[in-house]
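These are the residues of each chain, in order.
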Amino acid sequence: DVEVRIVPKMNGQEIKYKVSDRQLKTNAGIPVFGLYPDYLNTVEVSYTRLFNGKAEKFSDTYQFYAPPVYTRSNGMPRQKGTMFDTEVHTVHPDFKDRLYLVGNQLSPIAPQGARFAWNNPSGGALEWAYNSNIGIIDTTGAVRWYLFDILLNEPSDPWSSGYMMGFQQTKDGALTWGFGQRYVKYDLLGREIFNRLLPPQYSDYSHAFDNAENGHSFLRVANADYRRPDGKRVHTVRDVIVELDENGGVVDDFRLYDILDPYRDNIVKAMDQGAVCLNIDASKSGQTLSAEELAKQEAEGEFGDIAGVGPGRNWAHVNSVDYAPTDDSIIISSRHQSAVVKIGRDKQVKWILAAPNGWRDGLKDKVLTPVGKDGRPLSCRIGKCEGGFDWTWTQHTAWKIDELSKGDIVYVSVFDNGDGRAFVQPEDQNEKYSRAVVYKIDQKAMTVEQVWEYGKERGHELYSPITSSVEYQADKNSVVVYWASIGTGSKTGPAPVLTEFRWGETKPAFEMHLKGGLGYRALPIDAQKAFVR
């Protein structure tokens, strides 16, 4: 009956957890988690020891110094620290025990990774090699755990390069994520459970790693060698979902260029070319692609990690995948289609949550009809709907809410980034806004109702053109929202905001501002889960 307590600093957050016998044996002792960096920590441990048939209770106190948080220098003047410079605005007492894993990056791209690129076949996203900056932060803003990424991640090596993304805490308390050509699983003390190369048919992992209820893993990857109908061989870009079993064997894949329409272009032509996900070019802010430019890409055979249409370009940009065991399907978020799509095991589209414009025959009848609270259809025209309903635009993280879904009714949370809203770029870029939104989908009636949103009322203040996440949390009946790219392209650089809301409320129960780096996703971490199994 071991229990560990990290004594907090003055006005700090206590971390306390129990440890199972299994973890004691696995770690050859008591695992200690949650130390403050560059600090002489005090740790209290209580346990029962069996000695000569008698049970004796012990309470010990130890002190451990933990070194400072460390990250690479990327040589840029804008890098002024390790990014976890925090300012806490709101903490409701019910949320003060939270620990959040924050997945950020130090931009720009690591220069070591710029020396190689896919060229046979052409295209792909191999060069996407940012410095990862991954830590766990408490509700006072203090770092309590940090991933020493350089032990696993080397930008100058194509097989271990890549931005670390898609973190998820599994049922056993360990972490899974991926980067570049690898996907991995480690526990919170750094014990390797697996570290694997992608199967050779697939390349360029990023964004999404879903540990499914069937024990398999669904990863967002690309086809490493696709033969286009015109005979060209390419690496595709962020448009394949591969399903792997526990041993890394390929069970199935979903090739989205065969399932959806890779030539639907009305979203790609409306996007801000200054912020195409993490390919950020401030000099192109507010600019869009024309039909002539897309046609030129096709005619000249220009491929790679570029906004465009057709396999071999970034036409889909899938940034989340969520397995639905009730009907053996997946739900994906396709940023460059501004669409959340459910696809069955038979590779047939079940429904599309998106504006109805531009879908080809065979897909247009899968688009959900917006309805109000009374169930009546809402009038929509060219991406705009009555009744306060809105679609999501260049969105991230479409995840079902299992605890609220039942039968044909499915609740889905989405981060609506808001770029290209209603297929246009506003003359005043400050008119843009982002939203966290929850939809209620009736899969039988093929309707969708917007049941909660936040962000529109704060306008451009929380506008996050890229990245970001929204996820329901069953333990507190709440929604965590990470506004991960506020200020992208500005002179001061990104300044993410992390919030958590009680279910249905529109006032944050927790709000923390982070300064100095571009974020991707944040999620609560349960330390107890990691040490009791």
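Nothing here was measured: the structure is a model prediction, and the numbers come from that model. (Residues numbered from 1 in each chain as written. Predicted model: local features only at pLDDT ≥ 70, side-chain atom pairs only at ≥ 80, totals over all residues. Heavy atoms only, no water.)

Participant: So what exactly am I meant to see when it comes to the overall build of the chain here?
Facilitator: When you go through the chain residue by residue, the secondary structure sums to 4 helices and 38 strands. Its C-alpha atoms give the chain principal-axis dimensions of roughly 80 × 55 × 45 Å. Taken over 533 residues, the chain has a buried fraction of 56%. Nonlocal contacts in the chain, meaning residues at least 24 apart in sequence, comprise 58% of its contacts between residues at least 6 apart. Of the roughly 21900 Å² that the chain leaves accessible, carbon and sulfur atoms contribute 49%. (Helix = DSSP H or I, 4+ residues; strand = E, 2+ residues; numbered from the N terminus. Buried < 20%, exposed > 50% of the residue type's maximum accessible area, 1.4 Å probe, protein only. Contact = heavy atoms within 4.5 Å. Areas by Shrake-Rupley, 256 points an atom, 1.4 Å probe, with all protein chains shown as cover.)

Participant: Just checking my understanding: could you explain empty space enclosed by the protein for this structure?
Facilitator: Taking a probe equal in size to a water molecule and rolling it over the atoms shows the remaining empty space. Following the criterion strictly, the structure yields 2 cavities of 30 Å³ or more and no others. Quantified by volume, the largest cavity comes out at close to 70 Å³. Taken together, Ala 125, Leu 126, Trp 128, Tyr 163, Gly 180, Gln 181, Asp 204, Tyr 205, Ser 206 and Arg 238 make up the lining of the largest cavity. Of the residues in the lining of the largest cavity, the class split is 5 nonpolar, 3 polar and 2 charged. (1 Å grid on protein atoms, 1.4 Å probe; cavity = no way out; pocket = protein on both sides within 12 Å on 5 of 7 lines; lining within 4 Å. Points joined across faces, edges and corners; volume = space filled by probe spheres on them. Nonpolar A, V, L, I, M, F, W, Y, C, P; charged D, E, K, R; others polar.)

Participant: In this structure, what is going on with the packing of aromatic side chains? I would like to understand it.
Facilitator: Here a ring pair, both rings aromatic, is described through the centre-centre distance and the interplanar angle of the planes. All chains considered together, the criterion is met by 23 aromatic pairs. Seen in terms of ring centroids, Tyr 226 and Tyr 257 are 4.4 Å apart; in terms of plane orientation they differ by 45 degrees. Their pairing is tilted. Remark: Tyr 257 occurs in helix H2 (residues 256-259) and Tyr 226 occurs in strand S17 (residues 226-227); sequence separation between them is 31 residues. Exposure remark for Tyr 257: the relative accessible area of 6% places this residue in the buried category. Connected via pairs of aromatic rings, a cluster forms that spans Phe 415, Trp 452, Tyr 454, Trp 483 and Phe 501. (Phe/Tyr/Trp six-rings, centres within 6.5 Å; stacked < 30°, edge-to-face > 60°.)

Participant: What is the right way to look at the environment of Ile 137 in this model?
Facilitator: Positionally, Ile 137 belongs in strand S8 (residues 131-138). For Ile 137, a relative accessible area of 0% translates into the label buried. The spacing of Ile 137 and Ser 73 is 64 residues in sequence and 21 Å in space, taken between C-alpha atoms. Residues in contact with Ile 137, not counting those within four places in the same chain, are Phe 84, Thr 86, Arg 98, Leu 99, Tyr 100, Val 102, Ala 142, Val 143, Met 512 and Leu 514.

Participant: Would you take a moment to explain the sheet that holds S17 for this structure?
Facilitator: Sheet strands associate in pairs through backbone hydrogen bonding, adopting either a parallel or an antiparallel arrangement. Spatially, the 3 strands line up as an open sheet ordered S7-S18-S17, and their pairing is mixed. With partners counted over all chains shown, the strands left at the sheet margins are strand S7 (122-123) and S17, one partner each. Direction of pairing for S17 relative to strand S18 (residues 233-235): antiparallel, over a ladder of 2 bridges. Residue pairing for S18: Arg 227 is matched across the bridge by Arg 233. (Pairing = 2+ DSSP bridges.)

Participant: Where do I start with the pairing of strand S10 (residues 165-169) in this structure?
Facilitator: Two faces belong to every sheet, and in a regular strand the side chains alternate between them. Most of S10 sits out of view: 5 of its 5 residues are buried. Counted between consecutive antiparallel strands, the loop separating S10 from strand S11 (residues 175-179) contains 5 residues, among which Gly 173 sits at a positive phi close to 85 degrees.

Participant: Could you clarify how one ought to interpret the pairing of strand S16 (residues 217-223) in this entry?
Facilitator: Most of S16 sits out of view: 7 of its 7 residues are buried. Summarising the sheet, strand S14 (residues 202-203) and S16 pair through 2 bridges and their orientation is antiparallel. Counterpart to Tyr 202 in the pairing with S16 is Asn 223. As judged from the 3 bridges shared by strand S15 (residues 209-211) and S16, these two strands associate in the antiparallel manner. When the bridges of S16 are listed, Asn 211 appears paired with Ser 217.

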